There are 2 protein chains.
Amino acid sequence: MLSHKAKYALKALLYLAEQEEGHISKTIEIADGANIPKKFLEQILLDLKRGRFVSSKQGKFGGYYLIKSKNDITLAEIHRLFDGAIALLPCASLNFYERCLDCKTEEECSLRHGLMIIRDETLKAMQNITIASLIKK
Amino acid sequence: MLSHKAKYALKALLYLAEQEEGHISKTIEIADGANIPKKFLEQILLDLKRGRFVSSKQGKFGGYYLIKSKNDITLAEIHRLFDGAIALLPCASLNFYERCLDCKTEEECSLRHGLMIIRDETLKAMQNITIASLIKK
DNA sequence: TATAAAATCTATCAATTTGGTAGGGTTTTA
DNA sequence: TAAAACCCTACCAAATTGATAGATTTTATA
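Residues numbered from 1 in each chain as written. Chains lettered and ligands numbered in written order. Predicted model: local features only at pLDDT ≥ 70, side-chain atom pairs only at ≥ 80, totals over all residues. Heavy atoms only, no water.

Student: Please clarify how the packing of helix α2 (residues 27–34) of chain A against helix α3 (residues 38–50) of chain A should be interpreted in this entry.
Tutor: Describing two packed helices takes the angle between their axes plus the distance from one axis to the other. Residue and element names in this part refer to chain A. Remark: α2 packs on α3, axes separated minimally by 9 Å, with the N-to-C direction vectors making an angle of 115 degrees. As summarised for this structure, α2 and α3 are arranged roughly perpendicular, according to the angle between their axes. Considering only the axes of α2 and α3, their crossing is right-handed. Contact residues: α2 offers T27, I28, I30 and A31, while α3 offers K38, L41, E42 and L45. (Axes fitted to C-alpha atoms, helices over the stretch in contact; angles between N-to-C directions. Helix = DSSP H or I, 4+ residues; strand = E, 2+ residues; numbered from the N terminus. Parallel < 35°, antiparallel > 145°, perpendicular 65-115°, else oblique. Left-handed = near helix turned anticlockwise from the far one by under 90°. Contact = heavy atoms within 4.5 Å.)

Student: Teacher, can you tell me more about the environment of G84(A) here?
Tutor: All names here are of chain A. With respect to the helices and strands, the residue G84 is situated in the loop between α4 (75–83) and α5 (112–128). For the pair G84 and A12, spaced 72 residues apart in the sequence, the C-alpha separation amounts to 19 Å. Residues within four places of G84 in sequence aside, it is in contact with H79 and F96.

Student: What exactly am I supposed to notice about the interface of chain A and chain B here?
Tutor: Facing 33 residues of chain A, the contacting portion of chain B comprises 34 residues. Summed over both sides, the interface of chain A with chain B buries roughly 3,000 Å², with 68% coming from carbon and sulfur. Per-residue buried area on chain A facing chain B is highest for M1(A), L88(A) and D102(A); these three make up 22% of the total on that side. Remark: the boundary between chain A and chain B carries 2 salt bridges. At the boundary of chain A with chain B, the tally comes to 5 residue pairs in polar contact (both at pLDDT 80 or more). At the level of secondary structure, the elements contributing two or more residues to the side of chain A that touches chain B comprise α1 (4–18), α2, α4 and α5 of chain A. The residue inventory of the side of chain A that touches chain B, partitioned by class, reads 21 nonpolar, 6 polar and 6 charged. (Buried area = accessible area lost by both parts, 1.4 Å probe. Salt bridge = Lys/Arg side-chain N within 4 Å of Asp/Glu carboxyl O. Polar contact = N/O pair within 3.5 Å; in protein donor to acceptor, adjacent residues only side chain to side chain. Nonpolar A, V, L, I, M, F, W, Y, C, P; charged D, E, K, R; others polar.)

Next up, the structure:
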(Lines give C-alpha, C1' and ligand atoms only; values in the text may rest on other atoms or scores of the structure.)
Protein backbone atom coordinates (compact mmCIF):
# COMPACT_ATOMS: atom_id res chain seq x y z
CA MET A 1 0.00 0.00 0.00
CA LEU A 2 1.01 3.57 -0.67
CA SER A 3 1.72 5.83 2.33
CA HIS A 4 -0.29 9.02 2.65
CA LYS A 5 2.89 10.87 1.81
CA ALA A 6 3.23 9.12 -1.54
CA LYS A 7 -0.46 9.56 -2.28
CA TYR A 8 -0.32 13.28 -1.46
CA ALA A 9 2.82 13.65 -3.55
CA LEU A 10 1.04 12.19 -6.56
CA LYS A 11 -1.94 14.44 -6.05
CA ALA A 12 0.29 17.49 -5.68
CA LEU A 13 2.20 16.63 -8.86
CA LEU A 14 -1.10 16.14 -10.63
CA TYR A 15 -2.22 19.54 -9.46
CA LEU A 16 0.98 21.17 -10.70
CA ALA A 17 0.77 19.38 -14.04
CA GLU A 18 -2.71 20.75 -14.57
CA GLN A 19 -1.59 24.37 -14.23
CA GLU A 20 -0.69 26.31 -17.31
CA GLU A 21 2.94 26.45 -18.44
CA GLY A 22 5.03 28.85 -16.36
CA HIS A 23 2.52 29.15 -13.54
CA ILE A 24 3.88 29.04 -9.99
CA SER A 25 1.68 27.50 -7.31
CA LYS A 26 1.77 28.42 -3.64
CA THR A 27 1.70 25.59 -1.11
CA ILE A 28 -1.65 26.75 0.17
CA GLU A 29 -3.15 26.64 -3.30
CA ILE A 30 -1.98 23.07 -3.82
CA ALA A 31 -3.15 22.10 -0.35
CA ASP A 32 -6.62 23.49 -0.94
CA GLY A 33 -6.83 22.27 -4.51
CA ALA A 34 -5.77 18.71 -3.76
CA ASN A 35 -7.15 18.45 -0.23
CA ILE A 36 -3.86 17.90 1.57
CA PRO A 37 -2.95 19.16 5.09
CA LYS A 38 -0.84 22.24 4.38
CA LYS A 39 1.97 21.68 6.88
CA PHE A 40 2.31 18.07 5.82
CA LEU A 41 2.38 19.12 2.18
CA GLU A 42 5.28 21.48 2.92
CA GLN A 43 7.49 18.54 3.81
CA ILE A 44 6.35 16.56 0.81
CA LEU A 45 7.12 19.41 -1.57
CA LEU A 46 10.60 19.69 -0.09
CA ASP A 47 11.09 15.98 -0.70
CA LEU A 48 9.87 16.38 -4.26
CA LYS A 49 12.31 19.23 -4.66
CA ARG A 50 15.22 17.14 -3.39
CA GLY A 51 14.09 14.45 -5.82
CA ARG A 52 14.27 17.03 -8.63
CA PHE A 53 10.67 16.66 -9.66
CA VAL A 54 9.80 20.24 -8.77
CA SER A 55 11.65 23.44 -8.10
CA SER A 56 10.66 26.44 -6.06
CA LYS A 57 10.91 30.17 -5.89
CA GLN A 58 11.17 31.72 -2.43
CA GLY A 59 9.79 34.97 -1.15
CA LYS A 60 6.70 36.89 -2.12
CA PHE A 61 4.93 35.47 -5.18
CA GLY A 62 7.06 32.38 -4.77
CA GLY A 63 5.86 28.81 -4.94
CA TYR A 64 6.40 25.51 -6.65
CA TYR A 65 6.47 24.34 -10.25
CA LEU A 66 7.32 21.17 -12.16
CA ILE A 67 10.80 20.85 -13.59
CA LYS A 68 10.24 17.39 -15.02
CA SER A 69 7.83 16.60 -17.82
CA LYS A 70 4.56 15.07 -16.67
CA ASN A 71 5.25 12.34 -19.21
CA ASP A 72 8.47 11.44 -17.45
CA ILE A 73 7.28 11.29 -13.84
CA THR A 74 6.29 7.72 -13.13
CA LEU A 75 4.53 6.01 -10.27
CA ALA A 76 7.63 3.87 -9.83
CA GLU A 77 9.80 6.90 -9.08
CA ILE A 78 7.36 8.38 -6.58
CA HIS A 79 6.98 5.04 -4.88
CA ARG A 80 10.71 4.73 -4.50
CA LEU A 81 11.16 8.27 -3.22
CA PHE A 82 8.51 8.06 -0.52
CA ASP A 83 7.89 4.38 0.16
CA GLY A 84 11.13 2.76 -0.90
CA ALA A 85 11.53 -0.60 -2.58
CA ILE A 86 9.05 -1.89 -5.12
CA ALA A 87 10.10 -5.50 -4.55
CA LEU A 88 8.34 -7.51 -1.85
CA LEU A 89 11.58 -8.36 -0.04
CA PRO A 90 14.86 -6.45 0.22
CA CYS A 91 16.77 -9.39 -1.27
CA ALA A 92 14.69 -9.09 -4.45
CA SER A 93 15.11 -5.32 -4.76
CA LEU A 94 17.13 -3.47 -7.38
CA ASN A 95 17.41 -0.10 -5.67
CA PHE A 96 17.08 -1.08 -2.02
CA TYR A 97 18.90 -4.39 -1.99
CA GLU A 98 19.72 -6.04 1.33
CA ARG A 99 20.51 -9.62 2.22
CA CYS A 100 17.87 -11.66 3.99
CA LEU A 101 19.41 -12.49 7.33
CA ASP A 102 17.26 -15.56 7.80
CA CYS A 103 18.53 -17.23 4.62
CA LYS A 104 21.75 -19.09 5.16
CA THR A 105 22.93 -18.51 1.61
CA GLU A 106 21.60 -16.25 -1.10
CA GLU A 107 21.01 -19.13 -3.52
CA GLU A 108 19.16 -21.00 -0.85
CA CYS A 109 16.56 -18.26 -0.51
CA SER A 110 13.57 -19.99 -1.93
CA LEU A 111 11.50 -16.86 -2.28
CA ARG A 112 13.97 -14.62 -4.02
CA HIS A 113 13.51 -15.89 -7.55
CA GLY A 114 9.72 -15.72 -7.52
CA LEU A 115 9.75 -12.31 -5.93
CA MET A 116 12.11 -10.99 -8.58
CA ILE A 117 9.59 -12.00 -11.22
CA ILE A 118 6.89 -10.06 -9.37
CA ARG A 119 9.21 -7.10 -9.01
CA ASP A 120 9.91 -7.00 -12.74
CA GLU A 121 6.26 -7.11 -13.67
CA THR A 122 5.16 -4.60 -11.04
CA LEU A 123 7.97 -2.25 -11.96
CA LYS A 124 7.10 -2.39 -15.64
CA ALA A 125 3.48 -1.60 -14.86
CA MET A 126 4.45 1.23 -12.51
CA GLN A 127 6.74 2.78 -15.08
CA ASN A 128 3.82 2.98 -17.46
CA ILE A 129 1.73 5.06 -15.07
CA THR A 130 2.84 8.67 -15.45
CA ILE A 131 1.41 11.91 -14.16
CA ALA A 132 0.29 12.61 -17.72
CA SER A 133 -1.46 9.25 -17.98
CA LEU A 134 -3.33 9.96 -14.75
CA ILE A 135 -4.67 13.26 -16.08
CA LYS A 136 -6.50 11.94 -19.09
CA LYS A 137 -9.30 9.97 -17.46
CA MET B 1 6.99 -4.95 1.01
CA LEU B 2 6.05 -8.23 2.62
CA SER B 3 5.87 -8.36 6.42
CA HIS B 4 8.04 -10.89 8.21
CA LYS B 5 4.87 -12.78 9.00
CA ALA B 6 4.00 -13.21 5.34
CA LYS B 7 7.57 -14.13 4.49
CA TYR B 8 7.72 -16.72 7.26
CA ALA B 9 4.35 -18.09 6.17
CA LEU B 10 5.64 -18.64 2.66
CA LYS B 11 8.78 -20.31 3.95
CA ALA B 12 6.76 -22.54 6.25
CA LEU B 13 4.42 -23.56 3.43
CA LEU B 14 7.42 -24.25 1.24
CA TYR B 15 8.88 -26.44 3.97
CA LEU B 16 5.63 -28.39 4.28
CA ALA B 17 5.32 -28.76 0.52
CA GLU B 18 8.77 -30.29 0.37
CA GLN B 19 7.92 -33.07 2.81
CA GLU B 20 6.75 -36.36 1.44
CA GLU B 21 3.02 -37.00 1.09
CA GLY B 22 1.34 -37.78 4.41
CA HIS B 23 4.19 -36.52 6.55
CA ILE B 24 3.32 -34.43 9.57
CA SER B 25 5.77 -31.71 10.64
CA LYS B 26 6.22 -30.47 14.17
CA THR B 27 6.43 -26.73 14.71
CA ILE B 28 9.97 -27.03 15.96
CA GLU B 29 11.00 -28.90 12.82
CA ILE B 30 9.58 -26.19 10.58
CA ALA B 31 11.12 -23.48 12.74
CA ASP B 32 14.56 -25.06 12.55
CA GLY B 33 14.25 -26.04 8.91
CA ALA B 34 13.09 -22.65 7.69
CA ASN B 35 14.91 -20.52 10.25
CA ILE B 36 11.86 -18.96 11.86
CA PRO B 37 11.46 -17.99 15.57
CA LYS B 38 9.45 -20.86 17.00
CA LYS B 39 6.96 -18.95 19.11
CA PHE B 40 6.29 -16.53 16.28
CA LEU B 41 5.81 -19.44 13.90
CA GLU B 42 3.14 -20.89 16.17
CA GLN B 43 0.95 -17.88 15.58
CA ILE B 44 1.59 -17.94 11.86
CA LEU B 45 0.66 -21.61 11.60
CA LEU B 46 -2.58 -20.89 13.43
CA ASP B 47 -3.33 -18.16 10.91
CA LEU B 48 -2.57 -20.54 8.07
CA LYS B 49 -4.87 -23.06 9.67
CA ARG B 50 -7.70 -20.53 9.94
CA GLY B 51 -7.06 -19.68 6.32
CA ARG B 52 -7.46 -23.37 5.46
CA PHE B 53 -4.05 -23.74 3.94
CA VAL B 54 -2.88 -26.26 6.53
CA SER B 55 -4.42 -28.51 9.12
CA SER B 56 -2.98 -29.97 12.30
CA LYS B 57 -2.96 -33.06 14.43
CA GLN B 58 -2.62 -32.64 18.16
CA GLY B 59 -0.92 -34.80 20.76
CA LYS B 60 2.26 -36.78 20.66
CA PHE B 61 3.54 -37.18 17.12
CA GLY B 62 1.19 -34.39 16.06
CA GLY B 63 2.06 -31.44 13.86
CA TYR B 64 1.08 -29.59 10.71
CA TYR B 65 0.45 -30.60 7.13
CA LEU B 66 -0.83 -28.99 3.94
CA ILE B 67 -4.49 -29.43 3.09
CA LYS B 68 -4.32 -27.37 -0.09
CA SER B 69 -2.34 -28.38 -3.15
CA LYS B 70 0.95 -26.58 -3.50
CA ASN B 71 -0.21 -25.73 -7.02
CA ASP B 72 -3.20 -23.87 -5.64
CA ILE B 73 -1.54 -21.78 -2.94
CA THR B 74 -0.64 -18.45 -4.51
CA LEU B 75 1.40 -15.51 -3.36
CA ALA B 76 -1.71 -13.37 -3.78
CA GLU B 77 -3.61 -15.39 -1.17
CA ILE B 78 -0.80 -15.30 1.36
CA HIS B 79 -0.33 -11.58 0.81
CA ARG B 80 -4.02 -10.96 1.46
CA LEU B 81 -4.11 -13.16 4.55
CA PHE B 82 -1.15 -11.55 6.28
CA ASP B 83 -0.62 -8.17 4.69
CA GLY B 84 -4.04 -7.28 3.34
CA ALA B 85 -4.79 -5.44 0.14
CA ILE B 86 -2.73 -5.90 -2.99
CA ALA B 87 -3.85 -2.55 -4.44
CA LEU B 88 -1.82 0.54 -3.60
CA LEU B 89 -4.81 2.41 -2.18
CA PRO B 90 -7.95 1.12 -0.45
CA CYS B 91 -10.15 2.80 -3.07
CA ALA B 92 -8.52 0.66 -5.75
CA SER B 93 -8.83 -2.59 -3.83
CA LEU B 94 -11.09 -5.52 -4.65
CA ASN B 95 -11.01 -7.34 -1.31
CA PHE B 96 -10.25 -4.48 1.06
CA TYR B 97 -12.16 -1.65 -0.54
CA GLU B 98 -12.60 1.65 1.33
CA ARG B 99 -13.40 5.12 0.12
CA CYS B 100 -10.62 7.71 0.08
CA LEU B 101 -11.75 10.34 2.53
CA ASP B 102 -9.65 13.04 0.89
CA CYS B 103 -11.40 12.72 -2.45
CA LYS B 104 -14.58 14.70 -2.67
CA THR B 105 -16.21 12.25 -5.05
CA GLU B 106 -15.16 8.81 -6.15
CA GLU B 107 -15.03 9.77 -9.82
CA GLU B 108 -12.90 12.74 -8.96
CA CYS B 109 -10.19 10.55 -7.48
CA SER B 110 -7.49 11.06 -10.01
CA LEU B 111 -5.37 8.17 -8.81
CA ARG B 112 -7.96 5.45 -8.65
CA HIS B 113 -8.02 4.49 -12.30
CA GLY B 114 -4.27 4.19 -12.66
CA LEU B 115 -3.95 2.26 -9.44
CA MET B 116 -6.60 -0.21 -10.55
CA ILE B 117 -4.50 -0.97 -13.60
CA ILE B 118 -1.50 -1.65 -11.36
CA ARG B 119 -3.63 -3.79 -9.08
CA ASP B 120 -4.82 -5.94 -11.97
CA GLU B 121 -1.33 -6.52 -13.28
CA THR B 122 0.21 -7.17 -9.88
CA LEU B 123 -2.60 -9.51 -8.93
CA LYS B 124 -2.23 -11.50 -12.13
CA ALA B 125 1.49 -11.86 -11.53
CA MET B 126 0.98 -12.83 -7.90
CA GLN B 127 -1.56 -15.47 -8.81
CA ASN B 128 1.02 -17.07 -11.04
CA ILE B 129 3.49 -17.52 -8.21
CA THR B 130 2.50 -20.67 -6.33
CA ILE B 131 4.26 -22.67 -3.66
CA ALA B 132 4.92 -25.28 -6.33
CA SER B 133 6.46 -22.72 -8.66
CA LEU B 134 8.78 -21.58 -5.89
CA ILE B 135 10.09 -25.09 -5.31
CA LYS B 136 11.44 -25.77 -8.77
CA LYS B 137 14.31 -23.31 -8.91
C1' DT C 1 14.28 50.33 3.22
C1' DA C 2 10.61 48.40 5.65
C1' DT C 3 7.41 44.86 5.35
C1' DA C 4 4.50 41.26 4.01
C1' DA C 5 4.38 36.89 1.89
C1' DA C 6 6.25 32.78 0.98
C1' DA C 7 9.53 28.92 1.30
C1' DT C 8 12.48 26.46 4.56
C1' DC C 9 14.27 24.34 8.80
C1' DT C 10 13.99 21.96 13.18
C1' DA C 11 11.46 19.91 16.70
C1' DT C 12 8.05 17.42 18.75
C1' DC C 13 4.20 14.22 19.34
C1' DA C 14 0.45 10.71 19.68
C1' DA C 15 -1.18 6.69 17.69
C1' DT C 16 -0.42 2.57 15.29
C1' DT C 17 2.09 -1.26 13.58
C1' DT C 18 5.66 -4.60 13.74
C1' DG C 19 8.18 -8.28 15.33
C1' DG C 20 8.48 -10.50 18.47
C1' DT C 21 8.52 -12.90 23.84
C1' DA C 22 6.41 -15.05 28.02
C1' DG C 23 3.82 -18.21 30.12
C1' DG C 24 0.77 -20.73 30.58
C1' DG C 25 -3.64 -23.96 29.53
C1' DT C 26 -5.70 -27.78 26.77
C1' DT C 27 -5.79 -31.92 24.22
C1' DT C 28 -4.08 -36.13 22.55
C1' DT C 29 -1.86 -40.46 22.76
C1' DA C 30 2.15 -43.68 23.49
C1' DT D 1 -0.03 -40.62 33.29
C1' DA D 2 3.29 -37.93 31.62
C1' DA D 3 5.16 -36.24 27.49
C1' DA D 4 4.49 -33.75 23.60
C1' DA D 5 2.04 -31.28 20.81
C1' DC D 6 -1.45 -27.54 19.85
C1' DC D 7 -3.69 -23.30 21.35
C1' DC D 8 -4.50 -18.86 23.65
C1' DT D 9 -3.86 -14.38 25.92
C1' DA D 10 -1.24 -10.88 27.23
C1' DC D 11 2.49 -7.98 27.04
C1' DC D 12 6.48 -5.26 25.30
C1' DA D 13 10.05 -2.29 22.93
C1' DA D 14 11.23 -0.18 18.81
C1' DA D 15 10.10 1.82 14.58
C1' DT D 16 7.01 4.15 11.55
C1' DT D 17 3.34 7.17 10.27
C1' DG D 18 0.81 11.17 9.89
C1' DA D 19 0.84 14.85 11.21
C1' DT D 20 1.48 19.91 14.01
C1' DA D 21 4.16 24.03 15.85
C1' DG D 22 7.11 27.64 15.67
C1' DA D 23 11.15 30.02 14.22
C1' DT D 24 14.02 31.59 10.34
C1' DT D 25 15.33 32.96 5.80
C1' DT D 26 14.43 34.83 1.28
C1' DT D 27 12.34 37.97 -1.99
C1' DA D 28 9.28 41.42 -4.36
C1' DT D 29 7.52 45.72 -4.08
C1' DA D 30 5.27 49.94 -1.98
